[in-house]
Amino acid sequence: MKRLALLIPIAALIQAVFALDLDRYQTLDAVRAGGETFDGWHTQHTWLMVGGYFAVFALSTRVLPTATPLTVVAGALFGFWK
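Conventions used here
- Residues numbered from 1 in each chain as written.
- Predicted model: local features only at pLDDT ≥ 70, side-chain atom pairs only at ≥ 80, totals over all residues.
- Heavy atoms only, no water.
- pLDDT = per-residue confidence, 0-100.
- Helix = DSSP H or I, 4+ residues; strand = E, 2+ residues; numbered from the N terminus.
- Patch = residues over 30% accessible without salt bridge, like charges linked within 9 Å, V, L, I, M, F, W, Y side chains within 5 Å.
- Areas by Shrake-Rupley, 256 points an atom, 1.4 Å probe, with all protein chains shown as cover.
- Salt bridge = Lys/Arg side-chain N within 4 Å of Asp/Glu carboxyl O.
- Buried < 20%, exposed > 50% of the residue type's maximum accessible area, 1.4 Å probe, protein only.
- Polar contact = N/O pair within 3.5 Å; in protein donor to acceptor, adjacent residues only side chain to side chain.
- Contact = heavy atoms within 4.5 Å.
- Core = buried A, V, L, I, M, F, W, Y, C linked by side-chain atoms within 4.5 Å.
- Axes fitted to C-alpha atoms, helices over the stretch in contact; angles between N-to-C directions.
- Parallel < 35°, antiparallel > 145°, perpendicular 65-115°, else oblique.
- Nonpolar A, V, L, I, M, F, W, Y, C, P; charged D, E, K, R; others polar.

It is worth spelling out the confidence of the model for the chain at this point. Across the chain, the average pLDDT comes to 82, with 98% of residues at or above 70. Summarising per-element confidence for the chain, the mean pLDDT is lowest in helix α4 (residues 67–78) (78) and highest in helix α1 (residues 2–19) (86).

Following this line, the structure appears as structure tokens:
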């Protein structure tokens with residue numbers, strides 16, 4: 001019963017992604033374009049981006065055990081001592 005309770009929201013989320021045509025953002029070109037946009041924002045508003053990421057990191061690790069994936073994402077987004 002617990003597995004079914006977990007699978008129903010996941011299945012609904014997957015169905016919503018395809019129903020709303022959000023899978024178009026999951027292409028390599030879309031990811032590259034998003035990365036270029038992020039680099040532009042990061043260049044113009046460095047401290048705002050870092051502060052915003054820190055707030056997301058602090059709040060999400062308080063609620064969920066997500067520190068490791070968020071740390072890897074931070075390394076990919078911000079690099080090492082740019």
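Let's pick the thread back up.
With that out of the way, let us pick up a nonpolar patch on the surface. On the surface, Leu6, Leu7, Ile10, Ile14 and Phe18 cluster together into a nonpolar patch covering about 520 Å² of accessible area. Looking at where Ile10 falls in the secondary structure, it is placed in helix α1. The partly exposed category is assigned to Ile10, whose relative accessible area is 42%.

With respect to the helices and strands, Ile14 occurs in helix α1. A sequence separation of 48 residues divides Ile14 from Arg62, and the C-alpha atoms of the two residues are 26 Å apart.

On to the side chain of Ser60, then. Its location among the elements puts Ser60 in helix α3 (residues 46–63). Side-chain polar atoms of Ser60 contact the backbone oxygen of Phe57, separated by 3.3 Å. Residues contacting Ser60, with those up to four places away along its chain left out, are Thr66 and Leu70.

To continue, consider the nonpolar core. Counting six residues, the largest nonpolar core consists of Phe38, Met49, Tyr53, Leu70, Ala74 and Phe78. For this core, the secondary structure elements donating two or more residues are α3 and α4. Here this core gets three residues from one element, more than from any other, and that element is α4. Beyond its immediate chain neighbours, meaning those up to four positions away, Phe38 contacts Met49, Leu77 and Phe78.

Let's shift gears to the packing of helix α2 (residues 28–44) against α3. For the pair α2 and α3, the least separation of the axes is 5 Å and the interaxial angle reads 110°. Accordingly, the angle class assigned to the pair α2 and α3 is roughly perpendicular. Counting all contacts with α2, which are made through Phe38, Trp41, His42, Thr43 and Gln44, the residues of α3 involved are Thr46, Met49 and Val50. Considering only residue class, the contact of α2 with α3 consists of four nonpolar, four polar and no charged.

Most peptide bonds take the trans form, and the phi angle of most residues other than glycine is negative. Positive phi outside glycine occurs at Asp21, with the angle close to 60°. Here Asp21 shows up in the loop between α1 and α2. With relative accessibility at 40%, the residue Asp21 sits in the partly exposed group.

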